[in-house]
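# Geometric and topological summary
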Amino acid sequence: AIVFTLGSQVLSAGLTPPAVAASFLLGTLSFAAFGWRGYLIVCGYFVAGSAVTKLRLAQKQAEGIAEARGGRRAPGSVVGSGLAGALASAAAKSGTGDAQVNFALCATAFVASFASKLADTASSEVGKAFGTNAYLSTTLKKVPRGTEGAVSTEGSLAGLVAAAAVSGAAVLIGMIPPKAAVAACLAAVAANVFESWLGATAQSGREGAALKLSNDAVNAIQICVAAGLAAATARAFGLV
């Protein structure tokens, strides 16, 4: 409550009022499961994601490729960004199996989900702002910047840096060990690549899309893939 009160101006600049309420629930659950470390990851994601969305906003608006509402996110965006983190938080509190291992796996999944979502936001927004060439992920056909499912060199590098930054921060604050952070980072990048393919083949608005998924649904699938892949890798190789 203190954070939301003191940061009300920042929150209102990046979220609609219903989204602020949704993010409060996400933050509360994250804090309950992982303490200040988990909460810091969520806050860091929001600040970094909001900042990168504002990059060359006027230019993106003029080109018709900016986020709606000047980049302010609706509740669906909070779900698309935080569903996997919320599930990992709930699982961490469940106390099933070996409590210590379960907690560590859930923390790895949690970090991977936000690393992947920030990677997605960074790659998309940097690509739209600075990308010189964009290519459809399925065919490598050159397409306009901002096309769903398109990738660019500038955006891809920004996504990699974002995933590494979140994973590295989680190590620095003692949330997960370095080996688990590597798994989280790689899972985040892999899920980001998957999201580009999904956006090109199944997202609403794409010609010939079979499933017509919303952008928020695609994001939710992406972060769940990242979380699941990171946890499975960490467990299989004994990284936690």
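Residues numbered from 1 in each chain as written. Predicted model: local features only at pLDDT ≥ 70, side-chain atom pairs only at ≥ 80, totals over all residues. Heavy atoms only, no water.

### Topic: the overall build of the protein chain
Of regular secondary structure, the protein chain possesses nine helices and three strands. Beginning at the N terminus, the succession of helices and strands in the protein chain can be written as α-α-α-α-α-α-β-β-β-α-α-α. Taking 18 Å as the expected radius of gyration for a compact globule of 240 residues, we find that the protein chain reaches 17 Å, a close match to that expectation. Dimensions along the principal axes, computed over C-alpha positions, put the protein chain at roughly 50 × 40 × 30 Å. Buried residues in the protein chain amount to 46% of all 240 residues. (Helix = DSSP H or I, 4+ residues; strand = E, 2+ residues; numbered from the N terminus. Rg over C-alpha atoms; globule rule 2.2 N^0.38 Å. Buried < 20%, exposed > 50% of the residue type's maximum accessible area, 1.4 Å probe, protein only.)

### Focus on the sheet that holds strand β3 (residues 150-151)
If you walk across this open sheet you meet the three strands as β2-β1-β3, and the pairing is antiparallel. The open sheet has two free edges, formed respectively by β2 (142-143) and β3, since each of these has just one partner strand. Bridge count between strand β1 (residues 134-136) and β2: two bridges; the pairing is antiparallel. The residue bridging Ala134 from the neighbouring strand is Val143, located in β2. (Pairing = 2+ DSSP bridges.)

### What to know about the environment of Val189
As for its placement among the helices and strands, Val189 is situated in helix α8 (residues 178-201). For Val189, a relative accessible area of 27% corresponds to the partly exposed category. For the pair Val189 and Ala99, spaced 90 residues apart in sequence, the C-alpha separation works out to 28 Å. Not counting residues up to four positions away in its chain, the partners in contact with Val189 are Leu160 and Ala163. (Contact = heavy atoms within 4.5 Å.)

### With respect to unusual backbone geometry
With a phi angle near 45°, Arg56 is a residue other than glycine that sits in the positive phi range. With respect to the element layout, Arg56 can be found in the loop between α3 (17-53) and α4 (57-63). Phi at Leu140 is positive, roughly 60°, even though this residue is not glycine. Turning to its location among the elements, Leu140 is positioned in the loop between β1 and β2.

### Thoughts on α3
With 37 residues, α3 extends only 18 Å from end C-alpha to end C-alpha; this falls clearly short of the ideal 54 Å at 1.5 Å per step. Of all the bends found along α3, the most pronounced is centred on Phe34 and spans about 140°. (Expected span 1.5 Å × (residues − 1). Bend = angle between axes of the 7 residues up to and from the residue.)

### Looking at helix α7 (residues 153-172)
If you check α7, its first and last C-alpha atoms are 28 Å apart, about what 20 residues at 1.5 Å a residue would give, namely 28 Å. What α7 keeps buried is the set Gly155, Ala158, Gly159, Ala162, Ala163, Val166, Ser167 and Ala170. One side of α7 carries all its buried residues, which in axial view fall inside an arc of 160°. In α7, the exposed residues that point more than 90 degrees away from the buried face are Thr153, Leu157, Val161 and Leu172. Those residues of α7 that are buried are in contact with α3, α6 (99-130) and α8. Of the residues trailing α7, Gly174 is marked for its positive phi of about 80°. (Arc of directions from axis to C-beta.)

### Examining the nonpolar core
By size, the foremost hydrophobic cluster in this structure holds 47 residues, and its most contacted members are Phe34, Ile41, Phe110, Val111, Phe114, Met175 and Ile176. Those elements that place two or more of their residues in this core are α3, α5 (75-92), α6, α7, α8 and α9 (215-236). Ignoring any residue separated from it by four or fewer positions in sequence, one finds Phe110 in contact with Ser30, Phe34, Gly38, Ile41, Val42, Gly85, Ala88, Ser89 and Met175. (Core = buried A, V, L, I, M, F, W, Y, C linked by side-chain atoms within 4.5 Å.)

### Examining the packing of α6 against α8
Taken N-terminus to C-terminus, the directions of α6 and α8 make an angle of 45°; their axes are 8 Å apart at the nearest point. In terms of their interaxial angle, α6 and α8 are classed as oblique. The handedness of the crossing between α6 and α8 is right-handed. In contact with Thr108, Val111, Ala112, Ala115, Ser116, Ala119, Asp120 and Ser123 of α6, α8 contributes Ala180, Ala184, Ala188, Ala191, Asn192 and Glu195. (Axes fitted to C-alpha atoms, helices over the stretch in contact; angles between N-to-C directions. Parallel < 35°, antiparallel > 145°, perpendicular 65-115°, else oblique. Left-handed = near helix turned anticlockwise from the far one by under 90°.)

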